[in-house]
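# Overview (structure and organization)
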Amino acid sequence: MTPMTMVWSLLLLVPLALGKDPSSTPLNEWPMIMVHDAATTYLEGGLLHQINDWAKTQPDGGAKGELDCGARAFDWRPSVQKDGSVKMHHGSIEVDHLMADSLDEMVQWCASNPSPIDLVVLGITSCEGTNCDQAVQELLTARNISFITDCSQLSGLTAQAAFEKGKLPGGGAIFATFDCWEANYDPAVACSGFGSTDVAMEPRAHGGSLGRAEISDAMAKADDLSLNSSEALSYTCYKDSDTRDFPVQRMVDYINKTVLAGPPSDGQLYTVQCLWQESASSVTVGELHGSTLLDDESRSELNNMVNDMITKREIDPTRLNMVEVNNICDGGADLLATLRKL
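Residues numbered from 1 in each chain as written. Predicted model: local features only at pLDDT ≥ 70, side-chain atom pairs only at ≥ 80, totals over all residues. Heavy atoms only, no water.

## Details of unusual backbone geometry
Positive phi, close to 50 degrees, is recorded for Asn131, a residue that is not glycine. Tracing the chain through its elements places Asn131 in the loop between β6 (120-124) and α4 (132-142). A positive phi is found at Asp179, a non-glycine position, where the angle reads about 55 degrees. Looking at where Asp179 falls in the secondary structure, it is placed in the loop between β8 (174-178) and β9 (181-182). (Helix = DSSP H or I, 4+ residues; strand = E, 2+ residues; numbered from the N terminus.)

In structure tokens form, the structure reads like this:
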């Protein structure tokens, strides 16, 4: 046995010691963390970019930072620009960063993390602009990143087989799909709102994204309400809120319902969106409380709560696939460690 063969043999044994066996586990039952609207890591937030505070779902650090914090799947939304370059978007908000550079980050990270348990799934969705799918596929091909557009190819595919398909010349693996997962998006599961029957917004593909104008209007409404001191009928998910039980129980009910339904029978991937959905009402109430999308997660400690639920088996984790989160660097590494023990 050559030294390289011995290394690969040892790598293949690692998952057996940690949890599920990738050679027998369907890819859509392989537990991993998906970063929601992953490219928003490149958005600038803060006082000079307040609208972005309600579009930025991930902390600064880029794709490498997200992977370092526990991400193994990306919700990735490309957008072809007028000059033919490919960037990303969050609804109508452009993420001014080249997709080519992000892919290079991922490839470099994989070279340093070659184990099959570190398979990276790149979920391409909401591709916008002229010949977007083709432009993205050219970027992937140029970096030897394997992809599928026919979702039926996922039927019967194991995590190990996906790793083999996605192997990169420099080490590790990225396996890209085009619109091949069920998002299980529920617009009502927001951190905050008004009353107890607030519905966040009309359903949108792979998670609703408010546009720049909608966020601006919601922020303006918050300014009006703050002037009138009218917060009486609002609720929030924050740890120190006496109205927390309502949104948290709604989240728990959603998680249990989605997990109970389990993976699609056709092999497509699926997510449990363990994240607070954004809505006009949640932006308005969040503004009243000086919050942001990232703050909503950290102030509610949602990622830690999900980790605790899985650890205590308060939800059935046996067929979990992509646990989709915001603010990956707040508890993501601990959540990944828990998923690897399943």
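This is not the end of the story, as more comes after the structure.
## Here's the deal with the nonpolar core
In terms of nonpolar packing, the biggest core is built from 66 residues, with Phe74, Trp76, Met99, Leu122 and Ile255 touching the most fellow members. Among the nonpolar cores identified, the runner-up in size contains 23 residues, and Val121, Leu157, Trp181 and Ala183 belong to it. (Core = buried A, V, L, I, M, F, W, Y, C linked by side-chain atoms within 4.5 Å. Buried < 20%, exposed > 50% of the residue type's maximum accessible area, 1.4 Å probe, protein only.)

## Focus on the packing of aromatic side chains
Tallying each qualifying case throughout the model produces 3 aromatic pairs. Ring centres of Phe74 and Trp76 lie 5.8 Å apart, and the angle between their planes is 85 degrees; this geometry places the pair in the edge-to-face category. A single burial state applies to Phe74 and to Trp76, both of which are buried. Between Tyr235 and Phe246, the aromatic rings sit 4.9 Å apart at their centres with planes inclined by 85 degrees, giving edge-to-face as the arrangement. With Tyr235 in strand β11 (residues 234-235) and Phe246 in helix α7 (residues 245-261), the pair connects residues that are 11 residues apart, well separated along the chain. A cation over an aromatic ring shows up here: Arg299 above the ring of Tyr238, its NZ or CZ 3.9 Å from the ring centre. (Phe/Tyr/Trp six-rings, centres within 6.5 Å; stacked < 30°, edge-to-face > 60°. Lys NZ or Arg CZ within 6 Å of the ring centre and 35° of its normal.)

## Thoughts on the state of the cysteines
This model, assessed by the stated rule, comprises 4 disulfides. Residue Cys151 pairs covalently with Cys180 via a disulfide, S to S 2.0 Å. Since a negative S-S torsion denotes a left-handed disulfide, the Cys151-Cys180 link at about -85 degrees is left-handed. Here Cys151 is found in the loop between β7 (146-148) and α5 (159-166), whereas its partner Cys180 is found in the loop between β8 and β9, with 29 residues between them in sequence. When its relative accessible area of 16% is taken as the criterion, Cys151 is described as buried. On the basis of relative accessible area, Cys180 is assigned to the buried category, the value being 0%. Disulfide connectivity for the protein, with bonded cysteines indexed by sequence position, reads 1-8, 2-3, 4-5, 6-7. (Disulfide = S-S within 2.5 Å.)

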